[in-house]
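# Structural overview for review
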Amino acid sequence: MIADSLLSDGYCFKYDISLPLDQFYDIVLAVRERVGDLAINVTGYGHVGDSNLHLNVSCARFTPEIYGLLEPFVYEYTSKLRGSVSAEHGIGFLKRKYLHYSKQSEPLRLMRQMKQLLDPNGILNPYKVLPAESPDQAR
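Below is a summary of the structure that appears in this document. All values derive from a computational prediction rather than experimental measurement.

With that settled, consider the overall build of the chain. Counting secondary structure elements, the chain contains 6 helices and 3 strands. Taking the intrachain contacts of the chain between residues at least 6 apart in sequence as the baseline, contacts between residues at least 24 apart amount to 64%. As displayed, the chain has an accessible area near 8400 Å², and 56% of this comes from carbon and sulfur atoms.

Printed below as a string of structure tokens:
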């Protein structure tokens, strides 16, 4: 019920990242310091066995100021540790432009080829990471 309880603060920024186990929780401390009093809670919980961390930053309401402090900081921090910007919940709509922080161009090309092979009509998870999309278009 952690995620649900954080919504009672007002608004919650949610990230699903993976990080090396020896630095698994460090991003929570870094984000706390970065956003300061703009956040009500900065929490991290997840699946230590597979390095998935759910980073949640709750605040009274969405503001461009806190958003600007979080993005792309969370993805850059994750990239520096050679983590993944999406652990278990997929890329979706919001993380498309950040995928390049954790995937090189060759793996992205292979992912698009697999998507094209397995879903040539683009009917599975439409409008997410598109098969013909270049890494530059996703940014």
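As a further point, take the packing of helix 2 (residues 26-35) against helix 4 (residues 73-80). Helix 4 packs onto helix 2 with a crossing angle of 145° between their chain directions and a minimal axis gap of 11 Å. Both helix 2 and helix 4 take part in a crossing whose hand is right-handed. Judged by residue contacts, D26, I27, A30, V31 and R34 of helix 2 engage F73, V74, Y77 and T78 from helix 4. Among the residues forming the contact of helix 2 with helix 4, the class breakdown is 6 nonpolar, 1 polar and 2 charged.

Bringing the environment of S79 into the picture now. Its place among the elements puts S79 in helix 4. Using a relative accessible area of 27% as the deciding quantity, one classes S79 as partly exposed. Counting along the chain gives 60 residues from S79 to L19, while the straight-line C-alpha distance between them is 9.0 Å.

A word on the packing of aromatic side chains. Per the counting criterion, the structure on display carries 7 aromatic pairs. Seen in terms of ring centroids, Y11 and F62 are 5.5 Å apart; in terms of plane orientation they differ by 75°. Their pairing is edge-to-face. Separated by 51 residues along the polypeptide, Y11 in strand 1 (residues 11-18) and F62 in the loop between strand 3 (52-59) and helix 3 (64-70) bring together distant segments of the chain. Given a relative accessible area of 33%, Y11 falls into the partly exposed group. The exposure class of F62 is partly exposed, given its relative accessible area of 38%. The structure contains a cluster of three or more aromatic residues connected by ring pairs, namely Y11, F13, F62 and Y67.

In this structure, strand 2 (residues 41-47) lies alongside strand 3, joined through 7 bridges in antiparallel fashion. Opposite G44, over in strand 3, you have L55 as the bridge partner.

In terms of nonpolar packing, the biggest core is built from 24 residues, with I27, V31 and L70 touching the most fellow members. Contributing elements (two or more residues each) for this core: strand 1, helix 2, strand 3, helix 3 and helix 4. The residues touching I27, leaving out its near neighbours within four places in the chain, are I17, L19, L53, L55, V74, Y77 and T78.

Sheet architecture is open: 3 strands sit in the order 1-3-2, paired in antiparallel fashion. Lying at the two open borders of the sheet, with one neighbouring strand each, are strand 1 and strand 2. For this sheet, the mean inter-axis angle between neighbouring strands, taken without regard to orientation, is 20°. The sheet strands contacting helix 4 are strand 1 and strand 3, and the helix crosses strand 1 at an angle near 15°.

Rules and cut-offs
Here the residue numbers are simple positions, counted from 1 along each chain's written sequence. Reporting in this predicted model follows two pLDDT cut-offs: at least 70 for local features of residues, and 80 or more for side-chain atom pairs to be given and counted; totals over whole chains, interfaces and linings ignore these cut-offs and use all residues. Note that water and hydrogens are dropped before the side-chain values are worked out from all heavy atoms of the structure. Only runs of H or I of at least four residues qualify as helices and only runs of E of at least two qualify as strands under DSSP, and these elements are numbered from the N terminus. Throughout, a residue-residue contact means that at least one pair of heavy atoms, one from each residue, lies within 4.5 Å. Note on areas: these come from Shrake-Rupley sampling with a 1.4 Å probe, and a residue is covered only by the protein chains present in the view. Axes here mean lines fitted to C-alpha atoms, for a helix over just the part in contact, with angles spanning 0 to 180 degrees between N-to-C directions. Less than a right angle of anticlockwise turn of the near helix away from the far helix marks a crossing as left-handed, whereas a clockwise turn marks it as right-handed. Any residue that is not Ala, Val, Leu, Ile, Met, Phe, Trp, Tyr, Cys, Pro, Asp, Glu, Lys or Arg is counted as polar, Gly included; the first ten are nonpolar and the last four charged. Partly exposed residues are those whose accessible area sits between 20% and 50% of the maximum for their type, while under 20% is buried and over 50% is exposed, using a 1.4 Å probe and protein chains only. Here a Phe, Tyr or Trp ring, Trp counted by its six-membered ring, pairs with any other such ring whose centre lies within 6.5 Å, and the pair is stacked when the planes are under 30 degrees apart, edge-to-face when over 60, and tilted otherwise. Strands were regarded as paired on the criterion that DSSP finds at least two bridges between them. Among buried residues, those of type Ala, Val, Leu, Ile, Met, Phe, Trp, Tyr and Cys that are joined through side-chain atoms within 4.5 Å constitute a nonpolar core.

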